[in-house]
Amino acid sequence: MNKRQFLGAAAVAGALPIAGHAAQPSGRGPALLTVTGDISHSNRGPLDPALDQMMHKHQVTFAKAWAFDYASLLALPPVTIRPTLEYDGKPHTLRGPLLTDVLARAGATVGDRTILVLRAVDGYNVELPVTQARARRFIVATHIDGNPMPLGGLGPLWAVYDADRVAEMAALPLPQRFAACPWALYHVEVKA
């Protein structure tokens, strides 16, 4: 191992216990999606402004949360959709659990008036009525065209639905169909 590889590996190894302490449940992979708000399950404590920097800067607050790592999202039943994407005008195969299944795993209390705030790493957020999430069958996509969705692309998680199969959305121009679909999703707040 050369000096550069050694120093890089040491820096990553040294940062993991500090960066991962508040945001990931013990013995699991890094938290990719945190669900907060009106939930009954919890596998992590309250927001730590020092260690949960991105959430703190996005003004997220919570006393308890359910944090999903990649494996726990993959353990939920997958759904496959094939929407035409606005970015290249081509159909792509997206796979991941239903957003409502993710909420159920976190013990979310959802009724017809429940609003979901979906937040992306770049600060983009959407208020989505849970009735719309159900009707449009939103998924938390983990894969695109058979491959895991990369950070720096549309992933690693994307809240998305098959706009081609929703008549009122399919009638819109392609760039207007996905405004309620934040890619690089990392947080869902449940407001009952």
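Computed from a predicted model, the values in this text were never measured in an experiment.

Observations regarding the side chain of Thr84
Turning to its location among the elements, Thr84 is positioned in the loop between strand E3 (78-81) and strand E4 (94-97). The contact partners of Thr84, leaving out residues within four places of it in the chain, are Gly89, Lys90, Pro91, Asp164, Leu174 and Phe178.

Regarding the sheet that holds strand E2 (residues 66-68)
Spatial strand order, E2-E1-E11-E5-E6: five strands in an open sheet with mixed pairing. The open sheet has two edge strands with one neighbour each: E2 and strand E6 (125-129). Strand-to-strand twist of the sheet, defined as the mean angle between neighbouring strand axes without regard to direction, takes the value 20°. Relative to strand E11 (residues 185-191), strand E5 (residues 115-120) is paired through six bridges, and the arrangement is antiparallel. Following the sheet pairing, Ala120 is matched in E11 by Leu185.

Quick word on the confidence of the model for the protein
Within the protein, residue pLDDT values average 89, and 86% of them lie at 70 or more. In the model, residues 1-25 has pLDDT below 50 throughout and makes 18 contacts with residues more than four positions away in sequence or in other chains.

Concerning the environment of Glu86
Within the secondary structure, Glu86 is located in the loop between E3 and E4. Glu86 has contacts with Leu174, Pro175 and Phe178, leaving out every residue within four places of it along the chain.

Considerations on the packing of aromatic side chains
As enumerated under the stated definition, the model contains five aromatic pairs in all. Ring geometry for Trp66 against Phe68: centres 6.4 Å apart, planes inclined by 65°, an arrangement best described as edge-to-face. Grouping residues by exposure puts Trp66 and Phe68 together as buried. Chaining the aromatic ring pairs together yields one cluster made of Tyr87, Phe138, Trp158, Tyr161 and Phe178.

Section: unusual backbone geometry
Of the consecutive residues Gly155 and Pro156, the connecting peptide bond is found in the cis state with omega at 15°. Along the chain, the position of Pro156 falls in the loop between strand E9 (147-148) and strand E10 (158-160). Of note, the phi angle at Gln59 is positive, near 60°, even though the residue is not glycine. For Gln59, the position within the fold is in the loop between helix H2 (53-57) and E2. A positive phi angle, near 60°, is found at Ala184, a position not held by glycine. Looking at the secondary structure, you find Ala184 in the loop between helix H6 (167-170) and E11.

Overview of the pattern of salt bridges
Per the counting criterion, the structure on display carries eight salt bridges. For Arg28, the salt bridge identified is with Asp69, shortest N-O distance 3.0 Å. A residue pair is termed long-range when its members are at least 10 positions apart, and Arg28 in the loop between helix H1 (3-20) and strand E1 (33-37) and Asp69 in the loop between E2 and helix H3 (70-74) qualify at 41 residues. In this structure, Arg136 engages Glu168 in a salt bridge whose closest nitrogen and oxygen atoms are separated by 3.5 Å. Here Arg136 is found in the loop between helix H5 (130-135) and strand E7 (139-141), whereas its partner Glu168 is found in helix H6, with 32 residues between them in sequence. What makes Arg136 buried here is its relative accessible area of 14%.

Definitions and cut-offs
- Residues numbered from 1 in each chain as written.
- Predicted model: local features only at pLDDT ≥ 70, side-chain atom pairs only at ≥ 80, totals over all residues.
- Heavy atoms only, no water.
- Helix = DSSP H or I, 4+ residues; strand = E, 2+ residues; numbered from the N terminus.
- Contact = heavy atoms within 4.5 Å.
- Pairing = 2+ DSSP bridges.
- Axes fitted to C-alpha atoms, helices over the stretch in contact; angles between N-to-C directions.
- pLDDT = per-residue confidence, 0-100.
- Phe/Tyr/Trp six-rings, centres within 6.5 Å; stacked < 30°, edge-to-face > 60°.
- Buried < 20%, exposed > 50% of the residue type's maximum accessible area, 1.4 Å probe, protein only.
- Salt bridge = Lys/Arg side-chain N within 4 Å of Asp/Glu carboxyl O.

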